[in-house]
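# Residue-level structure breakdown
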Amino acid sequence: MNSKLKLWTQLGLGTALAGGMLAACGGEAGGEGGGEAGGDGADAAAVAPSEAGTGEAGEGEAGGEGEGAGGEGEGGEGEGGVAVSRADSDPVAYGIALAVTEAHVIAARDAFAAGRKEAAAEMFAHPAAEVLVEMDPVFAKLGVKDFKPLLTDASTAVLDGKDAAEVNRRYDAIITALRGAADKAPDSGASEAAIASGIIADQIERAGAMYRIAAKDDRYEPYLDGYGFYKVAETAAARGGAAIKAANPDAHARISDALALLRQAYPAATRPGRLKLEPAALSAASSRVMLATAS
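A short tour of the structure in this document, coming up. Each residue is numbered by its place in its chain's sequence as written, counting from 1. Local features in this predicted model are restricted to residues of pLDDT 70 or higher, and side-chain atom pairs are both shown and tallied only at a pLDDT of 80 or more, whereas totals for entire chains, interfaces and linings draw on every residue. To obtain the side-chain values, all non-hydrogen atoms of the structure were included, while hydrogens and water were left out.

A run of H or I in DSSP becomes a helix once it reaches four residues, and a run of E becomes a strand once it reaches two; helices and strands are each numbered from the N terminus. Its place among the elements puts glutamine 203 in helix α9 (residues 192-215). Along the chain, glutamine 203 and alanine 99 lie 104 residues apart, while their C-alpha atoms are 7.6 Å from each other.

What follows is the structure in structure tokens.
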């Protein structure tokens, strides 16, 4: 358990520890200072850029590559530019917070399946200490039960060497909680299509931004972050595609085009030896999505 506490500390989970989410660790919290690199090497040595404030390569989800319709430069509101201050009244901002969480969880599940266990543990844990902590007041206001423990439990399961069935069961519990939280989104009067397209556009932009970072940074984490954002955009488009197409055919077409490119950029959860797609192509496709969904 000591090694787990070191990893949680490295991941910035001090808030979770202080809040008692990991109270089962008991007195082991004392004297466990400092991070520990191990396992997957670079995955442990460098906290994934999804951690707010990461300065590696001068970029990251909270760094110079501003990303997302929620936007970096939102006054530092939450991890990765999530506009927490608007999330209790703006269903797009609210949905983006859930989507960013889901992106990390999908990336965690698929990294685990690919044998990248330490990266998977990090990805499961990150949103609990970042996005969801910031969203606590919003969830409380909207009547959403705290589900951060589900993410730390999934991270612990990976670190404890649980098998795929156990990890996938925890993944399913998180997704169920996210869908339940989505059902309690604030009502601004916006249409289902407008909300869905706004969230998808944000995730496409984030995926493109992380690909730009990955193109000049050979660490695994930027690629894995981007993969998660792409997969969330893809699943959200599958759920909301019919409504978007009926309300805004141009937005639907632009989203489809962008997802086709992202499918080439992120062929799997494991990073390929060479990134073949030009980052500029993704940037252009994302811009077209943003323009089409803004109308």
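Glancing now at the packing of helix α5 (residues 117-129) against helix α10 (residues 220-247). Lines fitted to the C-alpha atoms define the axes, with helices restricted to the stretch that makes contact. Angles between their N-to-C directions range from 0 to 180 degrees. Packing of α5 against α10 leaves a shortest axis separation of 12 Å and a crossing angle of 55°. The orientation of α5 with respect to α10, classified from their angle, is oblique. Between α5 and α10 lies a crossing of right-handed hand. Each of Ala119, Glu122 and Met123 in α5 lies in contact with α10, whose residues at this interface are Tyr220, Glu221, Leu224 and Asp225. For this classification, Asp, Glu, Lys and Arg are treated as charged, while Ala, Val, Leu, Ile, Met, Phe, Trp, Tyr, Cys and Pro are nonpolar and the rest, including Gly, are polar. When its residues are assigned to classes, the contact of α5 with α10 shows 4 nonpolar, no polar and 3 charged. The cut-offs work like this: below 35 degrees is roughly parallel, past 145 is roughly antiparallel, 65 to 115 is roughly perpendicular, and the gaps in between are oblique. In this scheme the handedness of a crossing depends on how the near helix is turned from the far one: anticlockwise by less than a right angle means left-handed, clockwise means right-handed. Any two residues whose heavy atoms approach within 4.5 Å at even a single point are treated as in contact.

By convention in these notes, a salt bridge is any Lys or Arg side-chain nitrogen within 4 Å of a carboxyl oxygen on Asp or Glu. Throughout the structure, instances matching the rule amount to 17 salt bridges. Here aspartate 110 ties to arginine 109 by a salt bridge, and the two come within 2.7 Å at their closest N and O atoms. In this structure, arginine 170 engages aspartate 153 in a salt bridge whose closest nitrogen and oxygen atoms are separated by 3.0 Å. Taken as a pair, arginine 170 in helix α8 (residues 164-182) and aspartate 153 in helix α7 (residues 148-159) lie far apart in primary sequence, 17 residues in all. Classification of arginine 170 as buried rests on a relative accessible area of 12%. One continuous salt-bridge network, built from bridges that share partners, spans Asp153, Glu166, Arg169 and Arg170. Accessibility here uses a 1.4 Å probe with only protein chains present; expressed as a share of the type maximum, an area under 20% marks a residue as buried, one over 50% as exposed, and anything in between as partly exposed.

As for its position among the elements, proline 272 is in the loop between α11 (249-265) and α12 (279-294). Residue proline 272 is classed as partly exposed on the basis of its relative accessible area of 26%. Taking the C-alpha atoms as reference points, proline 272 and tyrosine 220, 52 residues apart in sequence, are found 9.8 Å from one another.

So, about the packing of helix α4 (residues 91-113) against α5. Axis separation between α4 and α5 bottoms out at 8 Å; the angle between their running directions is 165°. Taken as axis vectors, α4 and α5 run roughly antiparallel relative to one another. Every pair of crossing elements has a handedness; the one defined by α4 and α5 is left-handed. Facing α4, whose interface residues are Thr101, His104, Val105, Ala107, Ala108, Arg109, Ala111 and Phe112, α5 presents Lys117, Ala120, Met123, Phe124, His126 and Pro127. Its residues assigned to classes, the contact of α4 with α5 comprises 9 nonpolar, 3 polar and 2 charged.

Take the buried residues of types Ala, Val, Leu, Ile, Met, Phe, Trp, Tyr and Cys, join any two whose side-chain atoms come within 4.5 Å, and each joined set is a nonpolar core. Counting residues in hydrophobic clusters, the biggest one holds 76 residues, and the most contacted among them are Tyr94, Met135, Phe147, Ile204, Leu224 and Tyr266. Among the elements that take part in this core, α4 stands out by supplying 13 residues, more than any other. Filtering out sequence-adjacent residues up to four positions away, phenylalanine 147 remains in contact with Leu132, Phe139, Ala177, Leu178 and Ala181.

This part takes up the packing of aromatic side chains. Any pair of aromatic rings gets described here by the distance separating the centres and the angle formed by the planes. Each Phe, Tyr or Trp ring, with Trp reduced to its six-membered ring, pairs with another whose centre is within 6.5 Å; inter-plane angles below 30 degrees give stacked pairs, above 60 give edge-to-face pairs, and intermediate values give tilted ones. Tallying each qualifying case throughout the model produces 5 aromatic pairs. Ring centres of tyrosine 223 and tyrosine 266 lie 5.1 Å apart, and the angle between their planes is 55°; on these two criteria the pair is classed as tilted. Of this pair, tyrosine 223 sits in helix α10 while tyrosine 266 sits in the loop between α11 and α12, and the two are 43 residues apart along the sequence. For tyrosine 223, a relative accessible area of 0% corresponds to the buried category. When its relative accessible area of 1% is taken as the criterion, tyrosine 266 is described as buried. Connected via pairs of aromatic rings, a cluster forms that spans Tyr211, Tyr223, Tyr230 and Tyr266. Looking at arginine 116, its charged tip hangs above the ring of tyrosine 220, at a distance of 4.2 Å from the centre. We call a charge positioned over a ring when the NZ of a Lys or the CZ of an Arg lies within 6 Å of the ring centre and within 35 degrees of the ring normal.

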